[in-house]
Amino acid sequence: MTRKSNGDVGGRSTIRDVAARAGVSASTVSRVLGGEYPVSTATRTRVMRAVRELDYVADARAKAIAGVGTPTLAFVLDDITGPSFAHMAHGVEREATRLGHLCLVCSTDGDADHELEFIETMRAQRAAAVILVGGAADTAEYRARMSRIADSLASAGSRLVLCGRPPLDPGTPVTVIEYDNESGAYALCAHLLAQGHRRVLFLGGKPENTTAQGRERGYLAAHRAHGVDPDPKLRLSADFTRDAGHRLMRQALSQGLEFTAVMASTDMVAAGALTALHEAGLSVPDDVSLAGYDDIPFARDLHPALTTVHVPYEELGRLAVRTALSRTPDTPDEHLLLGTHVVVRGSVAAVGEAAGR
């Protein structure tokens, strides 16, 4: 009968148990299991026999983080609870699994130092790629920091991938994958204006955030194209959350702002705004039309279902992985752009139709 080491109180064999059984050092066992160093046939045979006899199972997570066994890539985002980012993470994880990689996810809560620490860890562990997602402030400091990170990862054989983040200077070893953010906002606002709305309340994100900036630019460009001068009082900003949408809508109503339609910067913001409108006794779209951005799944389940802009978040995540892992060592900077489109549902009505209901 095979007896496990007395030192293993949980009854599970350790690498030292295997080494003792095979008559070799623990480091030799690691080399045999890792398969990256030459070991004699006799030694390998003894080690693998001991592995079978002791029913030893290596910790796959530890091997992956140590750069042995399953290769890894990292997905770094500000907030893992955000539905759009969650769908992108799903795409990253599924594609990584399909290609035989382990995906490690880090949520930074917007802490740049935490982000840098995690990236440095991934560089040290020779991760195949580090994927950063989400808007950022496009400053000289940001570009310099990201350029240093890109060069550092490239020197370790890794790759920096930016999803929905500002691109870097030409020649930087980075892959940038974006969706047509501004054009999506333009098309959405143009749809509202085509329905006869001339006072469209815009619930935007933080002014320094590049994603928020792109959506506001689309809003303004659509007004210009339709010969409408937007009232600056109808542009409010906070963050991309449900609570922000609820708060901004209550603020707009308490200030007596006049508007017939609302363009929210995300579906989550739209959900909060919808609740505030209902609390004020207003009907959507009979009294106010409402549109969002992202087309996350629950947008279809709101009442009424939300008109929004579809962003292919899951495909964005899949493409980030495929592109990063298919590069060659001398791949230059890459910039890929995915399209967006408006999804028309029941939350928007023409001005005349809404007034006649």
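Structure shown above.
So, a few notes on the structure that sits alongside this text. (Residues numbered from 1 in each chain as written. Predicted model: local features only at pLDDT ≥ 70, side-chain atom pairs only at ≥ 80, totals over all residues. Heavy atoms only, no water.)

### Considerations on the overall build of the protein
Thought 1: Along the protein, the regular secondary structure elements total 13 helices and 12 strands.
Thought 2: Looking at the protein alone, contacts between residues at least 24 apart form 73% of all its contacts between residues at least 6 apart.
Thought 3: Counting only carbon and sulfur atoms, one obtains 51% of the accessible surface of the protein, whose full area is about 16700 Å². (Helix = DSSP H or I, 4+ residues; strand = E, 2+ residues; numbered from the N terminus. Contact = heavy atoms within 4.5 Å. Areas by Shrake-Rupley, 256 points an atom, 1.4 Å probe, with all protein chains shown as cover.)

### Describing the packing of helix 10 (residues 242-254) against helix 11 (residues 267-279)
Thought 1: Direction vectors running N to C along helix 10 and helix 11 enclose 40°, while the axes themselves pass 6 Å from each other. Compared by their axis directions, helix 10 and helix 11 come out oblique. Both helix 10 and helix 11 take part in a crossing whose hand is right-handed. For the pair helix 10 and helix 11, contact is made by Arg 242, Gly 245, His 246, Met 249, Arg 250 and Leu 253 and by Met 268, Val 269, Ala 271, Gly 272, Ala 273, Thr 275, Ala 276, Leu 277 and Glu 279, respectively.
Thought 2: Split by residue class, the contact of helix 10 with helix 11 holds eight nonpolar, four polar and three charged. (Axes fitted to C-alpha atoms, helices over the stretch in contact; angles between N-to-C directions. Parallel < 35°, antiparallel > 145°, perpendicular 65-115°, else oblique. Left-handed = near helix turned anticlockwise from the far one by under 90°. Nonpolar A, V, L, I, M, F, W, Y, C, P; charged D, E, K, R; others polar.)

### Examining unusual backbone geometry
Excluding glycine, residues mostly have negative phi values, and the peptide bonds linking residues are mostly trans.
Thought 1: Here the residue pair Val 284 and Pro 285 is connected by a cis peptide bond, since its omega of 5° sits within 30 degrees of zero.
Thought 2: In this structure, Pro 285 sits in the loop between helix 11 and strand 9 (289-291).
Thought 3: Following His 303, the chain continues to Pro 304 via a peptide bond in cis, the omega torsion being 0°.
Thought 4: Relative to the helices and strands, Pro 304 is located in the loop between strand 9 and strand 10 (308-310).
Thought 5: Positive phi values are uncommon outside glycine, yet Asp 294 reaches one of about 130°.
Thought 6: Checked against the element boundaries, Asp 294 lands in the loop between strand 9 and strand 10.
Thought 7: The phi dihedral of Asp 295 is positive, around 60°, even though this residue is not glycine.
Thought 8: Within the secondary structure layout, Asp 295 lies in the loop between strand 9 and strand 10.

### Describing helix 7 (residues 140-155)
Thought 1: With 16 residues, helix 7 should reach 22 Å at 1.5 Å per residue; the first-to-last C-alpha distance of 23 Å fits that figure.
Thought 2: Regarding helix 7, the residues found buried are Tyr 142, Arg 145, Met 146, Ser 147, Ile 149, Ala 150, Ser 152 and Leu 153.
Thought 3: Residue Gly 157 follows helix 7 closely and has a positive phi angle near 80°. (Expected span 1.5 Å × (residues − 1). Buried < 20%, exposed > 50% of the residue type's maximum accessible area, 1.4 Å probe, protein only.)

### Points about the nonpolar core
Thought 1: Formed by 66 residues in total, the largest nonpolar core has its most connected members in Phe 75, Ile 131, Leu 201, Leu 203, Met 249, Phe 259 and Met 263.
Thought 2: Residues from two domains meet in this core; each of domain 2 (72-180 + 313-337) and domain 3 (181-312) gives at least three.
Thought 3: Contacts of Met 249, omitting those with residues within four sequence positions, involve Leu 201, Leu 203, Phe 259, Val 262, Ala 273, Ala 276 and Leu 277.
Thought 4: The next biggest cluster of nonpolar side chains, apart from the first, holds 21 residues, and it includes Leu 104, Phe 118, Ile 119 and Leu 153. (Core = buried A, V, L, I, M, F, W, Y, C linked by side-chain atoms within 4.5 Å. Domains from an automatic or database assignment.)

### Looking at the side chain of Ser 347
Thought 1: Structurally, Ser 347 can be placed in the loop between strand 12 (341-343) and helix 13 (351-355).
Thought 2: Among the polar contacts made by the side chain of Ser 347, one reaches the main-chain carbonyl oxygen of Leu 290 at a distance of 2.5 Å.
Thought 3: Reaching out from Ser 347, the side chain makes a polar contact with the backbone nitrogen of Thr 307 at a distance of 2.9 Å. (Polar contact = N/O pair within 3.5 Å; in protein donor to acceptor, adjacent residues only side chain to side chain.)

### Details of the packing of aromatic side chains
Thought 1: In total, this model carries two aromatic pairs according to the counting rule given.
Thought 2: Ring centres of Tyr 179 and Tyr 313 lie 5.8 Å apart, and the angle between their planes is 70°; on these two criteria the pair is classed as edge-to-face. Highlighted residues: Tyr 179 in strand 5 (residues 174-179) and Tyr 313 in helix 12 (residues 313-326), separated in sequence by 134 residues. Each member of the pair, Tyr 179 together with Tyr 313, is buried.
Thought 3: Above the ring of Phe 240, the side-chain terminus of Arg 215 is found at 5.8 Å from the ring centroid.
Thought 4: Its end group placed over the ring of Tyr 293, Arg 215 keeps NZ or CZ at 3.8 Å from the ring centre. (Phe/Tyr/Trp six-rings, centres within 6.5 Å; stacked < 30°, edge-to-face > 60°. Lys NZ or Arg CZ within 6 Å of the ring centre and 35° of its normal.)

### Observations regarding the pattern of salt bridges
Thought 1: If you walk through the whole model with that rule in mind, you get 19 salt bridges.
Thought 2: Glu 182 serves as the salt-bridge partner of Arg 217, at 2.9 Å between the closest nitrogen and oxygen. Here Arg 217, found in helix 9 (residues 210-225), pairs with Glu 182, found in helix 8 (residues 181-194); they are 35 residues apart in sequence, far enough to count as distant.
Thought 3: Overall, Arg 217 belongs to the partly exposed group, its relative accessible area being 40%. (Salt bridge = Lys/Arg side-chain N within 4 Å of Asp/Glu carboxyl O.)

### Considering the packing of helix 8 against helix 9
Thought 1: Relative to each other, helix 8 and helix 9 sit at 40°, their axes nearing to 7 Å. Taken together, helix 8 and helix 9 sit at an angle that is classed as oblique. The crossing of helix 8 and helix 9 is right-handed. Residue-level contacts link Asn 181, Glu 182, Ala 185, Tyr 186, Cys 189, Ala 190 and Leu 193 of helix 8 to Thr 210, Thr 211, Gly 214, Arg 215, Arg 217, Gly 218, Tyr 219, Ala 221, Ala 222, His 223 and Ala 225 of helix 9.

### Some thoughts on helix 11
Thought 1: Between its first and last C-alpha, helix 11 extends 18 Å over 13 residues, near the 18 Å set by a 1.5 Å rise per residue.
Thought 2: Within helix 11, burial applies to Asp 267, Val 269, Ala 270, Ala 271, Gly 272, Ala 273, Leu 274, Ala 276 and Leu 277.
Thought 3: The opening residue of helix 11, the one whose side-chain oxygen lies 3.3 Å from the backbone nitrogen of Met 268, is Thr 266.
Thought 4: Two residues or fewer after helix 11 comes Gly 281, characterised by a positive phi angle close to 80°.

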